[in-house]
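Secondary and tertiary structure notes
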Amino acid sequence: MVFNIYDFTGLTEWIHEGLSRSLSPGLTLVVEWALIGAGLLTLVALLGLVLIYLERKVSAVIQQRMGPMRVGPWGMTQTVADVLKLLLKEPLMTRNADKFLFNLAPFIVMTASFLALGALPFALGLHIMDLNIGILYITAITSLGVIGILLGGWASNNKFSLIGAIRSGAQIISYELSVSLAILSIVVLTGSLQISEIINTQQNGWWLFKGHIPALIAFVIFLIAGIAELNRGPFDLPEAESELTAGFHTEYSGFKFAFFFLAEFINMFILAGVGAILFLGGWLPLHFGIDNSFNHVMDFIPPIFWFFGKIFALILLMMWFKWTFPRLRIDQLLKLEWKYLLPLNLLNILLMAFIAMQGWYF
Amino acid sequence: MSWDQLLFMRHEIILIILMLVMIIANLLTKDENKEKLIHLASILFFANLIAGFLPARYGSAFGSMFVANQSGIMMKNILNIATFIVILQSGEWLKKEIENKPRIADFFILILASLIGMFFMISSGHFLMLFIGLELATIPVAALAAFEQGKRKSAEAGVKLILLSTFSAAIMLFGLGMIYGSTGSMYFNEVLTNFNGSALGMLGFVFFFSGLAFKISIVPFHLWTADVYEGAPVNVTSYLSVVSKAAALYILMVVFYTVFINISASWTEILYIVSILTMTLGNLFAIRQKNIKRFMAFSSIAQAGFILLGIIGGAGMGMTVVMYFILIYVFSNLAVFGIATSVYRHSGKEKIRDLDGFYQTNPRLSLIMMLALFSLAGIPPVAGFFGKFFLFTAAASKGYFWLVLIAVLNATIYLYYYLMVVKAMFINQSDEAIDTIQSDFPMRLSLALCAIALIAIGFIGPLYEWINNVATAF
Amino acid sequence: MEQIITYILLALMLIFSVMTVTSGRILRSAVYLLTVLVATAAIYFIMQYQFLAAVQITLYAGGIVVLIIFSILLTHHIEHRMENPVFWKAMISALAALGAVAMIAWVLKDAQSIQNVAGFIPPKMEDIGMALLSYGKQGYVLPFEVISVLLLAAMIGAIAVAKPALLQFKNKNFKQDDQ
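Here the structure is a predicted model, which is why all the values come from computation and not from measurement. (Residues numbered from 1 in each chain as written. Chains lettered and ligands numbered in written order. Predicted model: local features only at pLDDT ≥ 70, side-chain atom pairs only at ≥ 80, totals over all residues.)

Remarks on the overall build of chain B
Helices and strands together make up the secondary structure of chain B, namely 19 helices and two strands. Here chain B has a C-alpha radius of gyration of 21 Å; the compact-globule value for 474 residues is 23 Å, and the two agree. Expressed along its principal axes, the backbone C-alpha trace of chain B runs to roughly 65 × 55 × 45 Å. Counting all 474 residues of chain B, 59% fall into the buried class. Here the contacts in chain B between residues at least 6 apart in sequence split such that 79% fall between residues at least 24 apart. (Helix = DSSP H or I, 4+ residues; strand = E, 2+ residues; numbered from the N terminus. Rg over C-alpha atoms; globule rule 2.2 N^0.38 Å. Buried ≥ 20, exposed ≤ 12 C-beta atoms within 10 Å, placed from the backbone. Contact = placed C-beta atoms within 7 Å.)

Take a look at the structure:
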């Protein structure tokens, strides 16, 4: 049996061998790329549908509403209807807008998200590219997204968009530091940037548990800074509706707006994925102690479910934040990063390095 | 590597500590008391200057990425002296201009940072260190050039300096990349052995030389000099024209003598042409200048041309002569700039014509100015004469008589224009002569130092011998 | 396959670098520059220098281009166009650029030894980390630290240029002189 839910290595090898038997190496590569692309597209489309629905329902629960209820059972096909509506809308553009950049911006944002998605391991063997520098690659690629936001805001020729874009740029650049440093403090423990290695080091326990207090601090900082980097509430100043109508994507409509919107959710997924890989063991099941029945029960659940389960747990956490905390002011936002998170983070890395040197982790 | 290898880096480490002390002191003082930081900086820097003369240890650290040798340390001491004089001269300006007040400490921090860069550059044994040192020496100075916020010219000077230095740094880096490509290493000693004069390496060398020539403002790359010198605050201009230039010249010489000695025939030709161009063009443009800062800019270009003459003189003699000349050049230029500073501070004038009748009102200042200008021009009793004399000897000893002839012709040209300034001060009469200037103590101290040095250096024979001993041991 | 992609990338770089220089709208130039930088990173990826590629993306694409775009956002209006250069100036610049290209190409033609010197071993992450922090031969801890001084100094310089004068002094006799 080629297909094994616990280990996808067999499946991918089977596909590769099957293809290279009948095709030339170059063509095999092309077909594989197409397959991967199709897979990613499906994943992104599904994620968009699910996450948007989830967001609306979670916010409804928190605000004691029902949320979307009309389209389909419990409103489950509401997002499908929304997407259809967006596709049918007229693509608008302001006068004197820089057409080329205006149209380019959503694609830059989306491309950055897609490229980052390629480095996530969904399960054992289900990993598009396991780079030597995996985690560094993800941080590098995700930092490209902000360019799309800046361009979109500027090219719209609208002051709200411009202010939103500048705010967003300042915010993302600042909080990127904290995210990277939080990631770095786990890399101190793993000693490798390769994602499969990072996951392997957690066979006997997740870093969140093994790394003592510094890991915990790093996790909290990672979540806060990560949410800020996503421009999500309570850090959603770039698109603060009450001040800027919709921030950098005020002038976007139809499909391009959908791109921005979708990219935001995909980025949330990626952030949760990175958090799951670094702190929660990626696709590894939850284990306590060595070789007991609890562990066997956990092993029974396939890795892919573990990974998505962890990601969705983190995503729910983020949604919970968004709908409970009030929005920060811009000075509070920058103060939080530069005066609190960054120094704390640097100290935390020192502490982590000390712990790693002494071998005080498990 | 052991801890005591860090002692080779004593000069740099002391400066870094000084810089950090200044940063912390800046945080701890209130805005009203910032003036006290001037005294703190002067005293601390004086301590650093003294510490620089303590017996040093020589050797290489960090896998010969950092090399401390006798001549390098002497050069660092010369730069220390020059910077000390600049710091003494700038106190008055910092105190007086109201918009400088909150940024007094920044001035010293930036000066120190750029000095750190020069020190690392002087001691580098690896092109990467050289490059980083050069950048560290330049970028803070660009910020200093734009220091006067109310003035558009100052901002322009800052922008010009930063853009052109970035450009030159890029050219230099490109050249270094080619050198690395052809030799496979960036360590000086390995480049020396692997450099085979291939086309790639030679092109890299040319690019490297152009990048460095920007910093020294040698002629085809000198166009930024006058504007930057004019726009920047006077003290920054003096720092730029003395300290930066001296450091870059020294490292150019060291790299030529140690790393590229195998192709000395090629670089001698390049220097031959470039030094003639630099001397002549610098001189011709200097004659036309009305503004004293622009005048000094072009005259310092011409002086750089003369220094190149010394480099042509070859390792042994050339090194000594160049360092001797740099020592004299430091004092002469700083004296001129010191007087230009006080004149500008007290009257806001910076034209040469404004110096008419200066002798009547300020006899002592004009005497010092005369001394410094004589030294720059190379008139016998003052130190400058010996410096120039030795430069000519160095070039002549290698048989470049035509070059020496052109240099002597140039020397007469600038004898003319230096004397024009002296004439303005002593002979021209003016109803609007500048009032008697009351300088503060540090400024007077700095000018006195310069004056004593200018007379003394020429007459202390052993000094040349000593420099000769030191300089040949690099 | 790799070769084809490399050539496509190289062509892209060439086209976009020319467009960077010739575009009349400064923000578009920045975007073209971004393409060039990302294509460079892609070439590093193909050459298996993954760390270098990631650094290229983080520093240049994610850092410097973002800063450039940011400053354009703060200073330029959307309808602003850069002046077209005078024809003969443009021609001279083009000639100079072509001359430089020709010269470098001519020099590189003979320099086959580059590959042998550099060798082709994709470096391991650990080695890069050790090289950056070791203090022996081929160790780069000293430049690493000096760069930190450089960045600190640059930051202080930027602050010194931008820091406003004290408010109480600003109102009285803040002289605005342009000679």
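Quick notes on the overall build of chain C
Helix and strand content of chain C: eight helices and zero strands. Traced from its N-terminal end to its C-terminal end, chain C shows the element sequence α-α-α-α-α-α-α-α. Expressed as a percentage of its 179 residues, the buried residues of chain C come to 20%. Within chain C, contacts between residues separated by at least 24 positions form 49% of all contacts whose residues are at least 6 apart in sequence.

Re the interface of chain C and chain B
The partner chain B presents 40 residues to the 36 residues of chain C that form the contact. Contributing elements (two or more residues each) for the side of chain C that touches chain B: α4 (87-110), α5 (113-118) and α7 (141-162) of chain C. Here the side of chain C that touches chain B gets 14 residues from one element, more than from any other, and that element is α7(C). For the side of chain C that touches chain B, the per-class residue count stands at 24 nonpolar, six polar and six charged. (Nonpolar A, V, L, I, M, F, W, Y, C, P; charged D, E, K, R; others polar.)

Focus on the interface of chain C and chain A
Listed as interface residues are 21 residues of chain C and, on the opposing side, 30 residues of chain A. Counting residues per element, the ones that place at least two in the side of chain C that touches chain A are α2 (26-46) and α3 (50-75) of chain C. With 12 residues, the single largest contributor to the side of chain C that touches chain A is α3(C).

Overview of the environment of Ile251(B)
Residues and elements named next belong to chain B. Along the chain, the position of Ile251 falls in helix α10 (residues 234-258). Considered as a pair, Ile251 and Leu163 are 88 residues apart in the sequence and their alpha carbons are 22 Å apart. With near-sequence residues (within four places) excluded, Ile251 lies in contact with Met121, Ile122 and Leu130.

Comments concerning the arrangement of the chains
In this assembly, two pairs of chains are in contact, and the pair contributing the most contacts is chains B and C. With no contact between them, chain A and chain B keep their nearest C-alpha atoms 16 Å apart.

As for the environment of Met118(B)
Structurally, Met118(B) is set in helix α4 (residues 104-122). Note: C-alpha distance between Met118(B) and Ser244(B) (126 residues apart in sequence) is 7.6 Å.

Here's the deal with helix α1 (residues 10-28) of chain B
Residue and element names in this part refer to chain B. Compared with an ideal rise of 1.5 Å per residue, which puts 19 residues at 27 Å, α1 spans 27 Å between its outermost C-alpha atoms and is within 8% of the ideal. All of the buried residues along α1 are His11, Glu12, Leu15, Leu18, Met19 and Met22. Looking down the long axis of α1, one finds its buried residues gathered within 120° of arc, a one-sided arrangement. Structural note: α1 exposes Ile24, Leu27 and Leu28 on the side pointing more than 90 degrees away from its buried face. Lining the buried residues of α1 we find α2 (36-53), α3 (70-96) and α4. (Expected span 1.5 Å × (residues − 1). Arc of directions from axis to C-beta.)

Some words on the environment of Ile312(B)
Residues and elements named next belong to chain B. Note on placement: Ile312 falls in helix α12 (residues 292-312). Between the C-alpha atoms of Ile312 and Ile270, which are 42 residues apart in sequence, the distance is 9.8 Å. Ignoring any residue separated from it by four or fewer positions in sequence, one finds Ile312 in contact with Thr268, Leu271, Tyr272, Ser275, Gly318, Ala395, Lys398 and Tyr400.

Describing unusual backbone geometry
All names here are of chain B. Positive phi values are uncommon outside glycine, yet Ser64 reaches one of about 55°. Inspection of the secondary structure puts Ser64 in the loop between β1 (59-61) and β2 (66-68). Residues other than glycine seldom take positive phi values, yet Ser217 does so here, at roughly 55°. Mapped onto the fold, Ser217 is located in the loop between α8 (199-216) and α9 (223-231).

Details of α12(B)
All names here are of chain B. Here α12 spans 30 Å end to end across 21 residues, near enough to the 30 Å set by a 1.5 Å rise per residue. In terms of burial, α12 is a largely internal element, 21 of the 21 residues being buried. Among the residues trailing α12, Gly314 stands out with phi positive, at a value near 90°.

Section: the packing of helix α13 (residues 315-347) of chain B against helix α15 (residues 363-377) of chain B
Between two packed helices, the angle of one axis relative to the other and the distance separating the axes together describe the packing. Residue and element names in this part refer to chain B. With their axes 9 Å apart at the nearest point, α13 and α15 run at an angle of 145° to one another. The crossing of α13 and α15 is left-handed. Along the contact surface, α13 presents Ile328, Ser332, Ala335, Val336 and Ile339, while α15 presents Leu365, Ile368, Met369, Ala372, Leu373, Ser375 and Leu376. Residues that form the contact of α13 with α15 fall into these classes: 10 nonpolar, two polar and no charged. (Axes fitted to C-alpha atoms, helices over the stretch in contact; angles between N-to-C directions. Left-handed = near helix turned anticlockwise from the far one by under 90°.)

Regarding the packing of helix α1 (residues 2-22) of chain C against α2(C)
Residues and elements named next belong to chain C. Where α1 contacts α2, the axes come no closer than 8 Å and their chain directions differ by 155°. If you check the angle between α1 and α2, you find them roughly antiparallel. Taken as a pair, α1 and α2 cross one another with a handedness that is left-handed. Contact with α1, carried on its side by Glu2, Ile5, Thr6, Leu9, Leu12, Met13, Phe16, Ser17, Met19 and Thr20, involves Ser29, Tyr32, Leu33, Thr35, Val36, Ala39, Thr40, Ala42, Ile43 and Ile46 of α2 and no other residues of that element. Classifying every residue of the contact of α1 with α2 by side-chain character gives 13 nonpolar, six polar and one charged. (Parallel < 35°, antiparallel > 145°, perpendicular 65-115°, else oblique.)

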